[in-house]
Amino acid sequence: MERVFYIVCAFLFLDTNANWVAKYGPFRTLLYSDWITCDHSKDLNLNVSATEVFFYDFQNDYNYSYTIDSAAEAIRNAYNLDVTRRLILFVPGYKSHIARNAPEIIRMAFKNVPNIYLMILDHSIYTSAQGGRVKSYERSVNYTYDLGKAVGQLLTKFRLIGFESKNIHCIGHSLGGQILGYAGSMYYNMTSEKVWRVTGIDPAGPCFSNSLIEDQIRSGIAEYVEVYHCNAGGLGTTSVLADADFFLNDGKIQPLCDANFFNSFGDSEARCSHKSCVKYWAETVSNPGWYLAWKCDSYKEFTKGKCAANEVTIAGYSNPGNATGVFYASTATYGVL
Ligand SMILES: *[C@@H]1O[C@H](CO)[C@@H](O)[C@H](O)[C@H]1NC(C)=O
Ligand SMILES: *[C@@H]1O[C@H](CO)[C@@H](O)[C@H](O)[C@H]1NC(C)=O
Ligand SMILES: *[C@@H]1O[C@H](CO)[C@@H](O)[C@H](O)[C@H]1NC(C)=O
Ligand SMILES: *[C@@H]1O[C@H](CO)[C@@H](O)[C@H](O)[C@H]1NC(C)=O
Ligand SMILES: *[C@@H]1O[C@H](CO)[C@@H](O)[C@H](O)[C@H]1NC(C)=O
């Protein structure tokens, strides 16, 4: 009797507390159908100095790129910066580089927004495909901590130039979302202040969903942390650790990405849903008020209208940032698919 009891407990423990695995160092997780090794060591001291920062001042039709260590100083020297503008940093995901789709969508979204500077990070030299999908993802995960630290240092330099923490907004897609977890923490360690907002767009799941909380994007690394879920359990995280977690549509498979249809990216269900998240979020930049989101425990209850009387907020760029908890929003009702 006693023996049976212990066995049952062990299984429950493994099931409900995946963090247990992470304490034993590098662990293994599934990426598509392949097992990969995940390493979140903080002492690899990888050289990330070839990471590039693309800087855009659309109002003055100015753009330039610099390597990460010299970017803040170079921009200040080259340019009469208006430190009262909002500073927006976008960190794309695994394998993405400046000419890829996600950076382009974000560039277009902010092109006509006044009083901002946009910076886009290109870390592809460390995260691009090399040695196949498994090796290159493992390598990218290895780099996440040092990239996050470098981003935290970059933002700290902008703070010292005169930008205020309350004007710094960081947005990360996929691996970029997880990089921002470390970046926000690093910024806080260096300045004793938190950046205004961190927005995670379908933060990477593989190697992160089941890792320790301090290795994930989470509440506390910015004044306000919001996460948008589009492919939870696939390429996106299942963790609900932000101040507000928004599940768009069902949060898992997006409307035009169903494997039964020829989807818009000619991609797998997961990749298509994961990428759609950037487009959904970017749409909100020029559409204040999009998308209304209701506090709700599940998609099922949301679609049945059971949450219609619950707290409502805005999932998107105009999120006032005072809501906490889990929310559901439908992009489909706005015709955004
Ligand atoms: C880091 O890499 C850059 C080139 O990517 C190189 O110039 C620099 O010397 C390296 N730094 C160290 C400490 O190895
Ligand atoms: C960057 O600046 C160049 C001119 O130096 C301009 O031709 C180009 O359109 C700009 N790119 C963007 C994305 O604004
Ligand atoms: C990741 O880092 C570990 C060291 O902690 C190393 O053993 C492993 O080979 C690295 N993986 C890749 C793909 O570079
Ligand atoms: C910031 O400091 C805390 C406390 O020392 C530490 O746990 C955390 O890892 C640091 N953040 C980064 C990004 O190194
Ligand atoms: C959040 O802020 C918005 C805009 O300022 C306001 O309309 C709303 O009532 C606030 N919600 C809560 C729960 O405080």
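Below you will find a few notes about this structure. If you're wondering where the values come from, they're calculated on a predicted model, not measured in any experiment.

1. Brief notes about the state of the cysteines
Here is step 1 of the chain: Scanning the entire structure with this criterion turns up four disulfides.
Here is step 2 of the chain: Between the sulfur of Cys-257 and that of Cys-272 lies a disulfide, 2.0 Å long from S to S. One quick way to see it: the torsion about the S-S bond of Cys-257 and Cys-272 is about -65°, and its sign makes the bridge left-handed. Pair noted here: Cys-257 is in the loop between β10 (244-248) and α8 (269-283) and Cys-272 is in helix α8, with a separation of 15 residues, a long-range link. Across the pair, Cys-272 and Cys-257 agree in class, each one buried.
Here is step 3 of the chain: One disulfide bridge connects Cys-296 with Cys-307, the sulfur atoms lying 1.9 Å from each other. Its torsion about the S-S bond being 60°, the disulfide of Cys-296 and Cys-307 is classed as right-handed. In this pair, Cys-296 is assigned in the loop between β11 (292-295) and α9 (299-303) and Cys-307 in the loop between α9 and β12 (312-314), connecting sequence segments eleven residues apart.
Here is step 4 of the chain: Note on Cys-296: relative accessible area 2%, which makes it buried.
Here is step 5 of the chain: Here the cysteine-cysteine linkages of the protein are recorded as 1-2, 3-6, 4-5, 7-8, numbering only bonded cysteines and doing so in sequence order.

2. Some points on the packing of helix α4 (residues 101-110) against α8
Here is step 1 of the chain: Packing of α4 against α8 leaves a shortest axis separation of 10 Å and a crossing angle of 5°. What the angle tells us is that α4 and α8 run roughly parallel. Seen from α4, the contacting residues are Ala-102, Ile-105, Ile-106, Ala-109 and Phe-110; seen from α8, they are Val-278, Lys-279, Trp-281 and Ala-282.
Here is step 2 of the chain: Partitioning the contact of α4 with α8 into residue classes produces eight nonpolar, no polar and one charged.

3. Some points on the site of ligand 3
Here is step 1 of the chain: Surveying the vicinity of ligand 3 reveals the residues Asp-39, Leu-44, Lys-135, Glu-138, Arg-139 and Asn-142.
Here is step 2 of the chain: For ligand 3, an oxygen atom lies 2.5 Å from a polar atom in the side chain of Asp-39.
Here is step 3 of the chain: In this structure, an oxygen atom belonging to ligand 3 sits 2.3 Å away from a side-chain N or O atom of Asn-142.
Here is step 4 of the chain: Here ligand 3 loses 51% of its free accessible area of 360 Å² to cover by the protein chains.

4. A short note on the packing of aromatic side chains
Here is step 1 of the chain: Applying the stated criterion across every chain, the model contains 25 aromatic pairs.
Here is step 2 of the chain: With a centroid separation of 6.3 Å and an interplanar angle of 45°, the aromatic rings of Phe-110 and Trp-281 are classed as tilted. Note that Phe-110 is positioned in helix α4 and Trp-281 in helix α8, a separation of 171 residues in sequence. Comparing Phe-110 with Trp-281, the two get one shared label, buried.
Here is step 3 of the chain: Between the aromatic rings of Tyr-291 and Tyr-334, the centroid separation amounts to 5.1 Å while the plane-to-plane angle is 70°, which identifies the pairing as edge-to-face. Highlighted residues: Tyr-291 in the loop between α8 and β11 and Tyr-334 in the segment after β13 (325-329), separated in sequence by 43 residues.
Here is step 4 of the chain: Look at Tyr-334 and you get partly exposed, because its relative accessible area is 26%.
Here is step 5 of the chain: Of the aromatic side chains, those joined through ring pairs into one cluster are Phe-55, Tyr-62, Tyr-79, Tyr-117, Phe-158 and Phe-163.
Here is step 6 of the chain: Its guanidinium or amino end placed over the ring of Tyr-145, Lys-42 lies 5.6 Å from that ring's centre, counting from NZ or CZ.
Here is step 7 of the chain: One Lys or Arg, Arg-197, reaches over the ring of Trp-196 and ends 4.3 Å from the middle of that ring.

Rules behind the numbers
Residues numbered from 1 in each chain as written. Chains lettered and ligands numbered in written order. Predicted model: local features only at pLDDT ≥ 70, side-chain atom pairs only at ≥ 80, totals over all residues. Heavy atoms only, no water. Disulfide = S-S within 2.5 Å. Helix = DSSP H or I, 4+ residues; strand = E, 2+ residues; numbered from the N terminus. Buried < 20%, exposed > 50% of the residue type's maximum accessible area, 1.4 Å probe, protein only. Axes fitted to C-alpha atoms, helices over the stretch in contact; angles between N-to-C directions. Parallel < 35°, antiparallel > 145°, perpendicular 65-115°, else oblique. Contact = heavy atoms within 4.5 Å. Nonpolar A, V, L, I, M, F, W, Y, C, P; charged D, E, K, R; others polar. Near = heavy atom within 4 Å. Polar contact = N/O pair within 3.5 Å; in protein donor to acceptor, adjacent residues only side chain to side chain. Areas by Shrake-Rupley, 256 points an atom, 1.4 Å probe, with all protein chains shown as cover. Phe/Tyr/Trp six-rings, centres within 6.5 Å; stacked < 30°, edge-to-face > 60°. Lys NZ or Arg CZ within 6 Å of the ring centre and 35° of its normal.

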